[in-house]
Amino acid sequence: MDYSQFLSVVSAAREENLTEVIGSLAQKNPSVIMISGGLPNPNYFPFKTASFTLEDGTTIEIGEALMKRALQYSSTKGIPEFLSWLKDLQMSLHNPPTAKYSPDQGQMEICVTTGSQDGLSKVFDMLVNPGDNVLLEDPSYSRTLSALKPLGCNIIKVPTDKHGIIPEALKEILSRWRPEDAKKLNNNLPKFLYTVPNGSNPSGTSLTADCKKKIYQLARCYDFLIIEDDPYYFLQFEKTKAPSFLSMDVDGRVIRCDTFSKIISAGLRLGFLTGPKPLIDRVILHMQSSTIASTFTQILMSELLHKWGQKGFLEHVDRIMEFYRTQRDAMLAAADKWLKGLAEWNIPTAGMFLWIKIKGISNAYQMIMENALERGVALVPGQSFSIDSSAPTPYVRASYSFASPDQMDQAFQKLAELIKETV
Ligand SMILES: Cc1ncc(COP(=O)(O)O)c(CNc2cc3ccccc3n(O)c2=O)c1O
């Protein structure tokens, strides 16, 4: 693939930072005398050791030598032991065809990000010029909309149903262009499709394998990238997981965003991008002059993951998934008890969210932003997830990740009272 056609003007202008080049060369030969980088002297770090107690009572120890590494600058793409663990995980879970490719063919590359939000914003910065056409599932994750809208691109809404993006609707949208246009320079074909394939935020939908295959074929035909933002991959409640776009990426056109926020910690701010090396390398260039993931949190996470091994990690995420399944079922029970006849919803098969359509009203904004909050219930109005945030919508997003079953029951009882008063 010709990746240069996808780069924004800003990304194409980015250059390798020399101190980074020298640092990585020196890392390969520890006997090198370092008088190049402005590294703080580790003998004067005030933190000497740390011990972390895990849920099973065992501990993770960070001794003096490891602490000196943890508090120091490190390679922008990520610390080596963490990257190799992540690569093994991606190979086991997705077995990307690109793992066997050469770098310029789109070889699978990984970089660590400060949460997947950081990764997403850098991917958008890498790809978007003002006026570019981009395809977004509708409704879409609110913070992606917040990141994309200021970049001045033309966001094209892709309709969804209870399974997510409707491939036939996407095909209809793309019929405005001819596939052969993709070969022309400066064509205005859409640059990418952004989707949350599992437990989508806000709608809770999950794409079937068949839909993903149809979407991927359309991406091949019209030559656009796929940004697979998948924070709820491990929160799929069905036993058989749908194959990821990364797993079917024979062209090297998928950029996958993973995060530890929903399965280990949101506060550690750790995610990672997996994608074609020519594109991931552009994100790394951006990171060299902006946010580099914390060495300390990478070391802490890497120590945990190496202690668990892949088997222990997957056992952990399965426990988390089972917890959110029971949370989902508690919220569905509360909805059945209080909202029947007043609202409509689909049963999420993954993730943390219930997407509720309130019946009898065209706009739920004031009900949610004023009346519900006054009664002590916090939900998110559907406008937050609309590409056109001024358009009225009867939808609201509820999250079952945090409240107890009893609190969910109370919340929906209050919401039911409010709907009856309003409608
Ligand atoms: C689809 C999709 N992609 C990326 C991310 C970002 O994950 P991270 O940067 O790796 O932590 C998310 C996190 N979603 C949310 C975050 C959040 C943070 C504070 C307050 C509220 C929040 N609500 O409501 C959210 O949905 C997500 O749902």
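The residue count restarts for each chain, going from 1 along the sequence in the order it is written. This being a predicted model, a pLDDT of at least 70 is required before a residue's local features are given, and a value of 80 or more before pairs of side-chain atoms are given or counted; all residues contribute to the totals for chains, interfaces and linings. Heavy atoms from the whole structure form the basis of all side-chain values; hydrogens and water molecules are not counted.

If you look the chain up in an unreviewed UniProt entry, it shows as Kynurenine/alpha-aminoadipate aminotransferase, mitochondrial from Chrysemys picta bellii.

A word on the UniProt feature "domain: Aminotransferase class I/classII large" (unreviewed entry) in the chain
In the numbering used here, UniProt assigns the "domain: Aminotransferase class I/classII large" (unreviewed entry) feature to residues 64–415. Helix and strand labels come from DSSP, where a helix needs a run of H or I of at least four residues and a strand needs a run of E of at least two; each type is numbered from the N terminus. Measuring from the first to the last C-alpha atom of residues 64–415 gives 54 Å, for a span that is 40% helix and 17% strand. UniProt positions are given in the numbering used here, feature names are shortened, and annotations may be inferred rather than shown by experiment.

Thoughts on the packing of aromatic side chains
The aromatic pairing rule takes the rings of Phe, Tyr and Trp, using the six-membered ring of Trp, and pairs them if the centres are within 6.5 Å, calling planes under 30 degrees apart stacked, those over 60 edge-to-face and the rest tilted. Inspection of every chain in the model, using the stated rule, returns 13 aromatic pairs. Centre to centre, the rings of Trp 85 and Phe 313 are 5.4 Å apart; their planes meet at 85 degrees, and the pair counts as edge-to-face. Pair noted here: Trp 85 is in helix 4 (residues 80–94) and Phe 313 is in helix 10 (residues 295–338), with a separation of 228 residues, a long-range link. Of the two residues examined, Trp 85 and Phe 313, each falls in the buried class. Look at Tyr 232 and Phe 353: their rings are 5.8 Å apart centre to centre, the planes differ by 85 degrees, and that puts the pair in the edge-to-face class. Of this pair, Tyr 232 sits in the loop between strand 8 (225–229) and strand 9 (254–259) while Phe 353 sits in strand 12 (residues 353–358), and the two are 121 residues apart along the sequence. A 1.4 Å probe rolled over the protein chains alone gives each residue an accessible area, and that area as a share of the maximum for its type sets the label: buried under 20%, exposed over 50%, partly exposed in between. By relative accessible area, Phe 353 is classed as buried at 4%. In this structure an aromatic cluster arises from ring pairing among Phe 82, Trp 85, Tyr 233, Phe 234, Phe 260, Phe 272 and Phe 313. A ring has a charge above it when a Lys NZ or an Arg CZ is no more than 6 Å from the ring centre and no more than 35 degrees off the ring normal. Note that Lys 241 overlies the ring of Tyr 233, its terminal NZ or CZ placed 5.9 Å from the centroid.

Here's the deal with the nonpolar core
In terms of nonpolar packing, the biggest core is built from 97 residues, with Leu 127, Phe 192, Phe 260, Leu 339 and Phe 412 touching the most fellow members. With 14 residues, the top contributor of residues to this core is helix 10. Here, two residues are considered to be in contact whenever any of their heavy atoms come within 4.5 Å of each other. Non-local contacts of Leu 339, meaning those with residues more than four positions away in its chain, are made with Ala 334, Trp 345, Ile 356, Phe 412, Leu 415, Ala 416 and Ile 419. Counting residues in hydrophobic clusters, the runner-up holds 24 residues, among them Leu 207, Ala 219, Phe 245 and Val 254. Throughout, nonpolar core names a set of buried Ala, Val, Leu, Ile, Met, Phe, Trp, Tyr and Cys residues whose side chains join them through atoms within 4.5 Å.

Quick word on the site of the ligand
Neighbouring residues of the ligand: 16 residues in total, closest Ser 116, Asp 229, Tyr 232, Thr 259 and Ser 261. A 3.5 Å cut-off defines polar contacts: any pair of N or O atoms within that distance qualifies, except that in protein one atom must be a possible hydrogen donor and the other a possible acceptor, and neighbouring residues in sequence count only when both atoms are side-chain atoms. Take Tyr 141: an N or O atom from its side chain is 3.4 Å from a nitrogen atom of the ligand. Within the side chain of Arg 397, a nitrogen or oxygen atom sits 2.8 Å from an oxygen atom of the ligand. Within the complex, the protein chains bury 76% of what would otherwise be the 580 Å² of accessible surface of the ligand. Near is defined per residue: the residue qualifies when any heavy atom it owns lies within 4 Å of the molecule or strand. Values of accessible area rely on a 1.4 Å probe in the Shrake-Rupley scheme; residue burial ignores everything except the protein chains shown.

Structural notes on the environment of Leu 170
Mapped onto the elements of the fold, Leu 170 is located in helix 7 (residues 167–174). A relative accessible area of 0% places Leu 170 in the buried class. In this structure, the C-alpha to C-alpha distance between Leu 170 and Leu 218, residues 48 residues apart in sequence, is 8.2 Å. If we skip the residues at most four places from it in the chain, Leu 170 touches Leu 135, Val 158, Leu 193, Ile 215, Leu 218 and Phe 224.

Quick word on the sheet that holds strand 14 (residues 395–399)
Strands sit in the order 11-12-14-13 across an open sheet of four strands; the sheet is antiparallel. The sheet terminates laterally at strand 11 (343–345) and strand 13 (380–381), the two strands that pair on one side only. When DSSP locates at least two bridges between a pair of strands, those strands are taken to pair. Where strand 11 meets strand 12, three bridges bridge the pair, whose relative direction is antiparallel. Opposite Glu 344, over in strand 12, you have Lys 357 as the bridge partner.

What about the pairing of strand 2 (residues 59–62)?
The alternating pattern of strand 2 places Ile 60 and Ile 62 on a buried face and Thr 59 and Glu 61 on a face that is not buried. Across four bridges, strand 1 (residues 50–53) lies against strand 2 in antiparallel orientation. Considered in strand 2, the bridge of Thr 53 is made with Thr 59. What sits between strand 1 and strand 2 in their antiparallel hairpin is a turn of five residues, with Gly 57 showing a positive phi close to 90 degrees.

Comments concerning the sheet that holds strand 8
Pairing is mixed across the open sheet formed by eight strands, whose spatial order is 3-10-9-8-7-4-5-6. Unpaired on one side and paired on the other, strand 3 (108–113) and strand 6 (164–165) mark the two borders of the sheet. Sheet analysis places strand 8 next to strand 9, joined by four bridges and oriented parallel. Looking at strand 9, one finds that Asp 229 is bridged to Cys 257. With axes taken as lines fitted to C-alpha atoms, and helix axes fitted only over the stretch in contact, angles between N-to-C directions fall between 0 and 180 degrees. Along the sheet, helix 7 contacts strand 4 (133–138), strand 5 (154–161), strand 6 and strand 7 (192–195); its crossing angle with strand 5, the most-contacted strand, is approximately 150 degrees.

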